[in-house]
Amino acid sequence: MADSPTVSMPAAASTALPTPAAVQRRRRPIAPLEPVSARAKWMLGVGFFILFVCVWAFFTLGGFVSPTFLASPPTMVKEGYLLFTEFNFIHDIGMTVWRVFGGFILASLVAVPLGIAMGAWKPVEAFFEPFVSFCRYLPASAFIPLLILWAGIGETQKLLVIFIGSVFQIILMVAVIVGGARKDLVEAAYTLGANSGGIVKRVLIPGAAPGIAETLRLVLGWAWTYVIVAELIGSSSGIGHMITDSQALLNTGQIIFGIIVIGIIGLVSDFAFKALNKRLFGWASL
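Residues numbered from 1 in each chain as written. Predicted model: local features only at pLDDT ≥ 70, side-chain atom pairs only at ≥ 80, totals over all residues. Heavy atoms only, no water.

So, the overall build of the protein chain
Applied cut-off: Starting at the N terminus, helices and strands are each numbered in turn, a helix being any DSSP run of H or I of at least four residues and a strand any DSSP run of E of at least two. Type-normalised accessible area, obtained with a 1.4 Å probe on protein chains alone, sets the label of each residue: buried when under 20%, exposed when over 50%, and partly exposed for intermediate values. Whether two residues touch is decided by their heavy atoms; if any such pair falls within 4.5 Å, the residues are in contact. Methods summary: accessible areas were calculated by the Shrake-Rupley approach with a probe of 1.4 Å, and residue burial reflects only the protein chains presented.
Looking only at helices and strands, the protein chain features 12 helices and zero strands. Beginning at the N terminus, the succession of helices and strands in the protein chain can be written as α-α-α-α-α-α-α-α-α-α-α-α. Going through the 286 residues of the protein chain one by one, you find that 36% of them count as buried. Taking contacts inside the protein chain between residues at least 6 apart in sequence as the whole, the part at least 24 apart equals 72%. Accessible surface, the protein chain: about 18300 Å² in total, of which carbon and sulfur atoms supply 71%.

Here is the structure:
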């Protein structure tokens, strides 16, 4: 009897598929949208700051840049120490922080409800949106001469500068977030018997809350730019006032120290805002 022919499997079919572990090993260290670990993220972020300071020190301490135009890192640290010990710089920091958060909170109290109303009800959006869009492009610094005439050079003027610079941005961004709610959730709520007020309270606002919180975090960063502009003119305290005085004395060490203090405070507030948002709306990242 003749042997029956054997059927051989194709080579490609006989090759085993790579395991997920093997695929993981073949991944490139840097790839688009590839996440990094928390430790690597911190190391990379701190590494850039170290590199920046090293380059700064190289050009200033090496004599490539005149101290008149750019102070070296040691000089900046020395001038910062003098600001705290001899010029009561902590008071200036407190005044600037108060102005930033005061104007920002006032803007949020006005902008968030109006933005929710514009996103939820289209007639309200049609009524307010052209004016808000127009005002959004007006620089807050352009209002300073008028605000000095109306409110003087006291705290009200500085709070209003931050208010004007923040409120219109928040209104439109909140309106876009609320207006982008999922239509199927709205229809399901109507099917279950909800009225218009219930839709806003139980569907639109909870769904938009994480996005609104992220919007407020971003605009808080912009508010820091407005407060420095407000303090540059007609102010007797604040970080912006110190920078103006230092500029008149050509003290670049104090100017740079003031700028770095603003960045540190802004970075701390940004991290605090992120942590609070993650704690309140942890489900949004699932």
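Some thoughts on unusual backbone geometry
As a rule of thumb, non-glycine residues mostly have phi less than zero, and peptide bonds are mostly trans rather than cis. At Asn88, a residue that is not glycine, the phi angle is positive and equals roughly 50°. Tracing the backbone through its elements, the reader meets Asn88 in the loop between α4 (73-86) and α5 (89-120). For Asn88, a relative accessible area of 46% puts it in the partly exposed group.

With respect to the confidence of the model for the protein chain
When pLDDT drops low, the exact placement of atoms in the prediction is not to be read closely. Keep this limit in mind: As a per-residue quantity, pLDDT reports the predictor's confidence and falls between 0 and 100.
Averaged over every residue, the pLDDT of the protein chain is 85; the share at 70 or more is 88%. When mean pLDDT is compared element by element in the protein chain, α5 scores highest at 94, while helix α1 (residues 11-14) scores lowest at 48.

Some details on a nonpolar patch on the surface
Worth spelling out the cut-off: Like charges are joined within 9 Å and nonpolar side chains (Val, Leu, Ile, Met, Phe, Trp, Tyr) within 5 Å, but only among residues with over 30% relative accessible area and no salt bridge; these make up the patches. We define a salt bridge as a contact between a side-chain nitrogen of Lys or Arg and a carboxyl oxygen of Asp or Glu at a distance within 4 Å.
There is a patch of nonpolar side chains on the surface, built from Phe48, Leu51, Phe52, Val53, Val55, Phe58, Phe59 and Phe64 and spanning about 820 Å² of accessible area. Mapped onto the secondary structure, Leu51 falls in helix α3 (residues 38-61).

Details of the environment of Thr156
Structurally, Thr156 can be placed in helix α8 (residues 155-179). For Thr156, a relative accessible area of 45% puts it in the partly exposed group. Sequence separation between Thr156 and Gly103 is 53 residues; the distance between their C-alpha atoms is 9.2 Å.

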